[in-house]
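# Observations on the three-dimensional arrangement
Each chain is listed here by its residues.
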Amino acid sequence: MNLEKYFNFNFDSTTYGLTNELIAFYVESLFKKAKQNILILTSTLYESNKLYNIIKEHLDNTELFLMDDFLTSKALAMSPEFAIGRLNVLEHLQKDNCVIVTNLMGYLKYLPYKDINSTYILKKNEEINRDDFLNTLEEYGYKKESIVTTSGEYSLRGFIIDIFIINEEHPIRIEFFGNTIESIRYFDENTQRTIKEIDEIIIKPFKEIDTNEKSSLYDYLNNGIVIYINIDQIKAAYQKLTDEILEYQNNHNENNKYMFAFDEIKPLKKLYIDNINNPKDLLVLESPNYNEDFELLKENYYKWQKEQKEVYFYLSKEKEIKTLKEYIPSANIIKKKITKGFIIENIVCLSENDLGIKISSVPKYKNNLHIGKRIKNYDDLEKGDYVVHLAHGIGIYDGLVTLTKDGLAKDYIRILYADNDKIYIPVEKMNNIYKYSSKDGNVPKLNKLNSTSWAKTKTYMKAKAKDISRELLDLYAKRASIKKEAYKDFVEEEIFASAFPYQETNDQTKAIYEISKDLKSTVPMDRLLCGDVGFGKTEVAMRAIFKTVINNKQVMYLCPTTILSK
């Protein structure tokens, strides 16, 4: 299959009319020819994510470099996942050529000067200045905590430093004898037990280091190629961005410069893809969806053959290949997954999604932010904080201490109680402790050890919980008496549902059925939908939204992040 005749690889030229899948073929061909870094620039976060997921199916060496929208990052906070992703991309660029997909904010972002050395290597038996090392950890963006449970944290206890380094599955523990590193080992953040000892470790920054001289993402490409996707949209987005920044500066009475201007970045090798404005006669169509109608597919296949078209099937699983071969023995099958097929002049490409073969999948975006399995209430636990122990009640956290028992040194959590009593809890039993919270920050009364006050409190709270349960039962009985208009089924719902590319899981099917049943009832729906990341909660919600709208009702859809709402 020769697609390159439709691609223009001459620098400063534009290729028109490509679908996103054809853009992926374009980038794959260019990457193999040029053997250089390629930066793909889109106007929005959404477009970058969408294009990344398609290109990733073609090239493993594809990375996503995202920066939050300007107002989001200024008014709220920058996404830690995005920040770690950016650091990983910069590290990848130092090792190997790759394709990078970025949005406008990522392209313009100030980055650390590219020639700065931003790693710190620790070796066993090496002597270092511990104070300088701790200052470096702070400069690298690591946050000091009492106990390390999450990427980007470190703790200091006497001659022991624990660090959870970026991209590591587990934290490391460094033990000193004076200023000499006596041992370095990985340990389990939940049990505190050693996993394995190592001789050296590279400490990498957990944030983008602030340097006097700035670099852009393009500077890291080593004279690579930049591909602009729909340059008119990019320029429009840049104008909107500059307007937002100007308004923000006027409202806050400041004139800081937050990023590079668009024309300050001057790539030497530029290519343009425009899939919106197409002045040429080249007609590119997305392939039809057959919804497993193999008889119609077979009919079209032989029609295309008579028209002397080249027909290719992109399938990734043996089961799908076998099914297709039963209907079309002569089918030209390429064992590879693409997202969506296309028709371009005399070439027809069909994907398993076009055939209606639904393949379960999860997003490919890799999250390198490791969060410990502990309850995250401990992330700001400091000496003097009130805590609750399940067995002993309310006390005061008094830090970590190391005690020797049966000849073994071990870390314990010390909790102070009334009358100067104290207990020591092994760190591995930390799940018995909760951080105390109260309404309006009221100071609690400390419990006494070996008294009945805590047991009485628990008994009282159990009774109170029963009272609340009764109130809830009464509330739901009243809700059941309220009537609403029952929703109707529409054939358009099936058409809408058929556009989702993945096979529903059993739990999805059950949830879709139950929510539809709720909506068709005259009782108001009250339902919470839970599920792991990437397993299709949004699809279930979208079906409910569609059913609501087609029944002439309104929907309010609340999202925690800008990218999800888009």
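Presented here is an overview of the structure given in this document. A quick note: this is a predicted structure, and the numbers were derived from the prediction, not measured.

Criteria and cut-off values
Residues numbered from 1 in each chain as written. Predicted model: local features only at pLDDT ≥ 70, side-chain atom pairs only at ≥ 80, totals over all residues. Heavy atoms only, no water. Pairing = 2+ DSSP bridges. Helix = DSSP H or I, 4+ residues; strand = E, 2+ residues; numbered from the N terminus. Phe/Tyr/Trp six-rings, centres within 6.5 Å; stacked < 30°, edge-to-face > 60°. Buried < 20%, exposed > 50% of the residue type's maximum accessible area, 1.4 Å probe, protein only. Lys NZ or Arg CZ within 6 Å of the ring centre and 35° of its normal. Salt bridge = Lys/Arg side-chain N within 4 Å of Asp/Glu carboxyl O.

### Considerations on the sheet that holds strand β12 (residues 194-198)
The six strands are arranged β7-β8-β9-β10-β11-β12 in an open sheet whose pairing can be described as mixed. The open sheet has two free edges, formed respectively by β7 (143-144) and β12, since each of these has just one partner strand. Here strand β8 (residues 153-157) runs beside strand β9 (residues 160-163); their pairing, made up of four bridges, is antiparallel. Looking across to β9, one finds that L156 is bridged to I161.

### Considering the packing of aromatic side chains
With the rule as written, the count across this model stands at 19 aromatic pairs. Pairing F25 with Y314 gives two aromatic rings, centres 5.9 Å apart and planes at 70°, and the pair type is edge-to-face. In this pair, F25 sits in helix α1 (residues 20-34) while Y314 sits in strand β18 (residues 310-315), placing the two residues 289 residues apart along the sequence. The exposure classification of F25 matches that of Y314, with both residues buried. Between F294 and Y327, the ring centres sit 4.9 Å apart and the planes meet at 20°, which makes this aromatic pair stacked. Here the residue F294 occupies a position in helix α8 (residues 294-306), and Y327 occupies one in helix α9 (residues 318-327), the gap between them amounting to 33 residues. Looking at Y327, the relative accessible area reads 29%, which means it is partly exposed. Aromatic ring contacts, followed pair by pair, group Y107, Y228, Y238, F262 and Y272 into a single cluster. It is K484 that lies over the ring of Y487; its NZ or CZ is 4.8 Å from the centre.

### Observations regarding the pairing of strand β11 (residues 180-187)
With six of its eight residues buried, β11 lies for the most part within the structure. As judged from the six bridges shared by strand β10 (residues 172-177) and β11, these two strands associate in the antiparallel manner. Paired with F176 across the bridge in β11 is I181. Following β10, the chain reverses through two residues before pairing antiparallel with β11; G178 in that reversal takes a positive phi of roughly 70°. Taken together, the four bridges between β11 and β12 define a ladder with antiparallel strand orientation. Residue I184 lies in a different strand from β12, and its bridge partner there is I198.

### A word on the pattern of salt bridges
When their charged atoms lie close together, side chains carrying opposite charge are able to pair. Using the criterion set out here, one finds 33 salt bridges in the structure. E47 serves as the salt-bridge partner of K50, at 3.8 Å between the closest nitrogen and oxygen. A residue pair is termed a helical-turn pair when its members lie 3 or 4 positions apart in one helix, as K50 and E47 do in helix α2 (residues 45-56) at three residues. The class of K50 is partly exposed, set by a relative accessible area of 31%. Look at E47 and you get partly exposed, because its relative accessible area is 28%. A salt bridge links E244 to K240, with the nearest nitrogen and oxygen atoms 2.9 Å apart. Residue E244 and its partner K240 are both found in helix α7 (residues 231-252); the two are separated by four residues, about one turn of the helix. Judged by relative accessible area, E244 falls into the buried class, the value being 18%. A single network of salt bridges, built from pairs that share partners, joins D489, E493, K520 and K547.

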